[in-house]
Amino acid sequence: MRAGTNTREGEAELMSERDNYWTRRRFGRRTILRSTGLGAAGIAAYAAVGCGDDDDDDGGDTTATTTSTAAATGTGTAATATASQAVVPAGRIVVDTSASSTLSDFNPLMWTNGGQTVYRDSIADAMIGVEKKDQAFSYYNSLAASWERPNDGLQVTFKIRPDAKFHDGTAVTSADLKFTLDFVKTDQAKHARKSEWTKIYTATETPDAQTAIVKLAKPYPLLTTFNFMFPVISKAHFEKVGFDAFSGSAPLASGPFKFVSGTKGERITLQAVEGHYRKTPFIKDLVIKATAEESTRLSQIETGETDIAYINPANKDVVKGFGGQIKTTDNDTSFWLVFMDPYLGNASSPTNDPRVREAMSKAINRKDITEKLLNGGANPAGSFGNPALKGHAKIDPDPYDINAAKALLESAGHGGGFDIDFSVTAPVSEYVNVMVADWKKIGVNVTVKSMDSGAWLAMVNGKKTQGMYIEPTGANYVDPGQWGLFVLSDGSFSYLKDPELDGWMNGIITGTDDAAREKNWTDIQTKVAKERIYSTLWTSSTHFAVSKRVKSWDPTPGIGYIINLEHAKV
């Protein structure tokens, strides 16, 4: 039995290690992502908890097939609908995203941070989805029956499933996909990839209701890998209710759960879509909330008030102690220090000097923090990228050396120390206090500015606050093109203004040659580390606390968020 799969028509088309992933033209209903090398990263096996009868097991052969468009056949579509209708949703699951900013907008297209993924994944489907397959990360065709891309990469033709429906029962059409992709470019839209999408996207042609031809100014492989960043919304409903209502009280999409009610920043209530075209959820009611205090989240997991929540790995033994479950995804989050002053034009800041940034990095005891404070749930890192990605640069993390750090400050003319602000999210993690204490040993006096997650995100997006902060990626991306958010001069979360980095990253985002993309990625990581542009701290596994009520749910390797809740059982 394979936990976390669902019934979809069509044979599997496995990606060969010898093929060029970026110029491959066509995909059937399910495709295993091999090119990321996640398997080689040693991802741990996930134990299926209380599987019972796994109604969503594929039960079919997963060998390669030449029938790459089998998913578009009428017979396969009918089989999916029948299997979906056989499920009768029951029970409730409550998940906690920990940060109020993750519930800031109910339009799934207004995607400004990764924490919103749990809501977006539940209420909306994209053309291509992501999930756990066996012990690895996998893509599958969701709203798409199939897709095709010519070798030049300048367009993608999607065939939309004829059985796909929005929550009001209306059909999903090519006009809705066009509206979705057009909307991301509008002034109203808030989307983490808006800046690059505006430069890449040209138009979408809709020759018929099931066919959408997406035209691009340059190749954009992320359109068919991280397509789930573009969940399709209803054009007719959006135009009927208007922008404000759609974002605040009446969103409409085609995911396995539909919107019932919500209070921004606090709580959202969703309900299963019975007979969903792709997968009817096992649970009927889904509540998504946000609780900042981890002690409160742990208490609610213990009592059963909450069923799935993010936790610090230091508390995993606490969860086990009261009989809860721990689920993890390996090395899916990177943490690094961002020194903002050099990129904001603060010429008087000592951190303009790379020797100062190196000194502060060498005053961080990564080994003790990851082993003791993070309970072995993280690994010291020298590169801010995913160690499982091809092209990953093997860079040793800076050693903990207070004397060397002092000498570097002295050589930079700051032997007497200096003051700097450190913006962090509340509540303040213990490792922040440890770093601050060690920085004091070298004469750097750090003022910790604690703020709620919404204010912190506004600070990052606004790119105005001086000093430094810690950047967590949220998910250690399985494609290097995703890192443009943090590297490009106009990246949503980037402070950088470096033409050389821009050239390399644009080569990754629009490139179709695997070897060149890998080299560009290696060059980016190497320059970032050598010039101390960012100071990488560690890569961390995401830890989820799961209540005893939950019989079955698995996180997705490489995606450190609570997703695929249509597969969860209580």
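Residues numbered from 1 in each chain as written. Predicted model: local features only at pLDDT ≥ 70, side-chain atom pairs only at ≥ 80, totals over all residues. Heavy atoms only, no water.

A few words now on the overall build of the protein. Broken down by element type, the protein carries 18 helices and 19 strands. Within the span of the protein, comprising 570 residues, buried residues form 58% of the whole. Taking the intrachain contacts of the protein between residues at least 6 apart in sequence as the baseline, contacts between residues at least 24 apart amount to 72%. Of the roughly 20,500 Å² of accessible surface on the protein, 49% is carried by carbon and sulfur atoms. (Helix = DSSP H or I, 4+ residues; strand = E, 2+ residues; numbered from the N terminus. Buried < 20%, exposed > 50% of the residue type's maximum accessible area, 1.4 Å probe, protein only. Contact = heavy atoms within 4.5 Å. Areas by Shrake-Rupley, 256 points an atom, 1.4 Å probe, with all protein chains shown as cover.)

Before going further, it helps to examine the nonpolar core. One finds Phe158, Trp197, Ile524 and Leu565 to be the most contacted residues of the largest nonpolar core, which totals 102 residues. When residues of this core are assigned to their parent elements, the largest contribution, five residues, is made by helix α17 (residues 499-510). For Trp197, the contacting residues outside a window of four places in its chain are Leu181, Val184, Lys185, Val214, Leu216, Tyr220, Leu223 and Phe230. Listed in part, the 32 residues of the second largest apolar core include Ala363, Ile369, Leu409 and Trp538. (Core = buried A, V, L, I, M, F, W, Y, C linked by side-chain atoms within 4.5 Å.)

Okay, the packing of aromatic side chains next. Given two aromatic rings, one states the distance between the centres and the angle between the planes to describe the pair. Under the definition given, this model contains 25 aromatic pairs. Pairing Phe106 with Tyr119 gives two aromatic rings, centres 6.2 Å apart and planes at 55 degrees, and the pair type is tilted. Residue Phe106 is found in the loop between β3 (92-96) and α2 (117-123), and its partner Tyr119 is found in helix α2; the two are separated by 13 residues along the sequence. Note on accessibility: Phe106 and Tyr119 belong to one class, buried. Taking 5.9 Å as the distance between ring centres and 75 degrees as the angle between the ring planes, the aromatic pair formed by Phe384 and Tyr534 counts as edge-to-face. Residue Phe384 is located in the loop between β15 (378-380) and α13 (402-411), and its partner Tyr534 is located in strand β19 (residues 534-546); the two are separated by 150 residues in the primary sequence. Taken individually, Phe384 and Tyr534 each receive the classification buried, so the pair is uniform in this respect. (Phe/Tyr/Trp six-rings, centres within 6.5 Å; stacked < 30°, edge-to-face > 60°.)

Right, let's get into the pairing of strand β17 (residues 444-451). Two strands pair when backbone bridges link them, and strand β16 (residues 418-425) and β17 are joined in this way by eight bridges, in the parallel orientation. For Phe418, the partnering residue across the bridge sits in β17 and is Val444. Regarding the hand of the β-α-β motif, the stretch spanning β16, helix α14 (residues 430-441) and β17 is right-handed. (Pairing = 2+ DSSP bridges. Right-handed = clockwise from strand over helix to strand, strands pointing away.)

Turning our attention to unusual backbone geometry. Omega for the bond connecting Ala426 with Pro427 falls within 30 degrees of zero, at -5 degrees, which places this linkage in the cis form. Here Pro427 is to be found in the loop between β16 and α14. For Asn564, which is not glycine, the phi torsion reads 55 degrees and is therefore positive. Within the fold, Asn564 resides in the segment after β19.

A few words on the side chain of Lys316. Along the chain, Lys316 falls in helix α9 (residues 316-321). One buried charge, Lys316, has no salt-bridge partner; the nearest side chain with opposite charge is Asp317, at 6.1 Å. Every residue in contact with Lys316, bar those within four places of it in the chain, is listed here: Ile311, Ile326, Asn375 and His543. (Lys, Arg positive; Asp, Glu negative; His and termini not counted. Salt bridge = Lys/Arg side-chain N within 4 Å of Asp/Glu carboxyl O.)

Position of Asn520 among the secondary structure elements: in helix α18 (residues 514-530). On the accessibility criterion, Asn520 (16% relative accessible area) is buried. For Asn520, the residues in contact, after removing those within four places along its chain, are Trp504, Gly507 and Ile508.

All right, on to the pattern of salt bridges then. Scanning the model with the defined rule gives 23 salt bridges in all. Among the ionic pairs, Lys235 bridges to Glu239, the shortest N-O distance being 3.1 Å. Remark: Glu239 and Lys235 occur in helix α6 (residues 235-241); sequence separation between them is four residues, near one turn of the helix. Close ionic contact of Lys441 with Asp438 constitutes a salt bridge, the shortest N to O distance being 2.9 Å. With Lys441 and Asp438 both in helix α14 and three residues apart, the pair spans about one turn of that helix. The exposure class assigned to Asp438 is buried, which follows from its relative accessible area of 6%.

Right, let's talk about helix α12 (residues 366-373) for a bit. Of all the positions in α12, only Arg366, Ile369 and Thr370 are classed as buried. Seen end-on, α12 carries its buried residues on one side only, within an arc spanning 90 degrees. Looking at the packing, one finds that the buried side of α12 touches α11 (354-362), β15, α14 and β19. Within two residues after α12, Asn375 carries a phi angle of roughly 55 degrees, on the positive side. (Arc of directions from axis to C-beta.)

On to helix α8 (residues 294-303), then. Within the sequence span of α8, burial applies to Glu294, Arg297, Leu298, Gln300 and Ile301. Taken end-on, α8 shows its buried residues confined to a sector of 165 degrees, consistent with a single buried face. Among the exposed residues of α8, those oriented more than 90 degrees off its buried face are Ser295 and Thr303. On its buried face, α8 sits against β3, β12 (285-289), β13 (308-311), α9 and β19. Of the residues one or two after α8, Gly304 is the one with positive phi, at around 90 degrees.

At their nearest, the axes of α17 and α18 sit 8 Å apart, and the two run at 150 degrees to each other. Judged on the interaxial angle alone, α18 and α17 are roughly antiparallel. Judged by the twist between their axes, the crossing of α17 over α18 is left-handed. Packed against α17, whose contacting residues are Glu500, Leu501, Trp504, Met505, Gly507 and Ile508, the element α18 presents Arg517, Asn520, Trp521, Asp523, Ile524 and Lys527 at the interface. Broken down by class, the residue content of the contact of α17 with α18 amounts to six nonpolar, two polar and four charged. (Axes fitted to C-alpha atoms, helices over the stretch in contact; angles between N-to-C directions. Parallel < 35°, antiparallel > 145°, perpendicular 65-115°, else oblique. Left-handed = near helix turned anticlockwise from the far one by under 90°. Nonpolar A, V, L, I, M, F, W, Y, C, P; charged D, E, K, R; others polar.)

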